Structures are given as structure tokens and as C-alpha cells.
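Structure assessment
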Amino acid sequence: MSDTIKAWHEMQEEKNRYAQKYLKELNEHIPRFIFVLDFNDGNVYRYDISALCNDKNKWNPDSESCEAFLTGAGHSVSNIEWMVTSKKTIEYGN
């Protein structure tokens, strides 16, 4: 195999590795969960919204749509704190 063809194949492999790394990093930042601290009952809730935030549904979890979702789930928006994250687990402090 000539050096030019070998170099071309190496470039293609490098391009594929870069694309896979980029897609993995992009996937890690896609919102997948809403965590809710509900002051009414003192519980913490986790809602899996990954089915809503995909290419097919194209749901953008902005504040208004998240609050509408949480109201529909039975929460009083004035008595909760919530956040959207891509992480499934909670980090516990000391």
C-alpha cells in the first residue's frame, strides 16, 4: 500500500475517533432527568425525561415546559425547587 493511501486511511480512522468522542460528550450533556425537592412532603423526586428529549420529540426542557410538566405530575411549583441534569444519581455531601 502506498504511503498516500496509508495516510488517507489513518486520517479516516482519526476522524472517526474524533466523531465518536464528540458524540459521546454531546450525549453526556443532553438533559435526561428532572430532580425535584418538594417542600410539601419533604421528598426528593427524580423524573426520567429522556424519552421526551430525543430527536423524535424535540422537547426542549425550558423553565415553562418543565414547570408545566411538574404541575402535571402533581407538584405545586411555588413549593418546590427543581433542576434538569444529564446525571442519574445524586452526590451526597458530608
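Residues numbered from 1 in each chain as written. Predicted model: local features only at pLDDT ≥ 70, side-chain atom pairs only at ≥ 80, totals over all residues. Heavy atoms only, no water.

1. So, the environment of L70
Where we set the bar: Strands here mean DSSP runs of E at least two residues long; helices mean DSSP runs of H or I at least four residues long; both are numbered from the N terminus. The buried label applies to any residue whose accessible area, calculated with a 1.4 Å probe on protein chains only, is under 20% of its type's maximum; exposed applies above 50%, and partly exposed to all values in between. Only heavy atoms matter for contacts: two residues are in contact if any of them lie within 4.5 Å across the pair.
Position of L70 relative to the elements: it lies in helix α2 (residues 63–72). By relative accessible area, which is 0% here, L70 ends up buried. If we skip the residues at most four places from it in the chain, L70 touches I34, V36, Y47, H75, I80 and W82.

2. Looking at α2
How we decide: Taken from the helix axis, the directions to the C-beta atoms give the arc we talk about.
The set of residues buried in α2 consists of S65, C66 and L70. The buried residues of α2 all sit within an arc of 135 degrees when viewed along its axis, so they share a single face. Across from the buried face of α2, at angles greater than 90 degrees, the exposed residues are E64, A68 and G72. Buried positions along α2 lie against β1 (33–38), β2 (43–48) and β3 (80–85). Positive backbone phi, at 100 degrees, marks G74, one or two positions downstream of α2.

3. A closer look at the packing of aromatic side chains
Stated formally: Side-chain rings of Phe, Tyr and Trp (the six-membered ring for Trp) are treated as a pair once their centres are within 6.5 Å; stacked means planes under 30 degrees apart, edge-to-face means over 60, and tilted covers the remaining angles.
All chains considered together, the criterion is met by two aromatic pairs. Plain terms: the ring middles of Y45 and Y47 are 6.4 Å apart, the flat faces sit at 15 degrees to each other, and that makes the pair stacked. Between the aromatic rings of Y47 and F69, the centroid separation amounts to 5.6 Å while the plane-to-plane angle is 90 degrees, which identifies the pairing as edge-to-face. With Y47 in strand β2 and F69 in helix α2, this pair connects stretches of sequence that are 22 residues apart. The class for Y47 is buried, based on a relative accessible area of 19%. Assessed through its relative accessible area of 26%, F69 is described here as partly exposed. Taken together, the aromatic side chains of Y45, Y47 and F69 make up a single cluster linked through ring pairs.

4. Remarks on the sheet that holds β2
This is how it is decided: When DSSP finds two or more bridges between a pair of strands, those strands are recorded as paired. Lines fitted to C-alpha atoms define the axes here, with helix axes fitted over just the stretch in contact, and angles between the N-to-C directions of these axes take values from 0 to 180 degrees.
One open sheet accounts for three strands, arranged β2-β1-β3; its pairing is antiparallel. On the outer flanks of this sheet lie β2 and β3, each paired with one strand and no other. Within the sheet, the average angular offset between the axes of one strand and its neighbour, ignoring direction, is 15 degrees. The pairing of β1 with β3 spans six bridges and is antiparallel.

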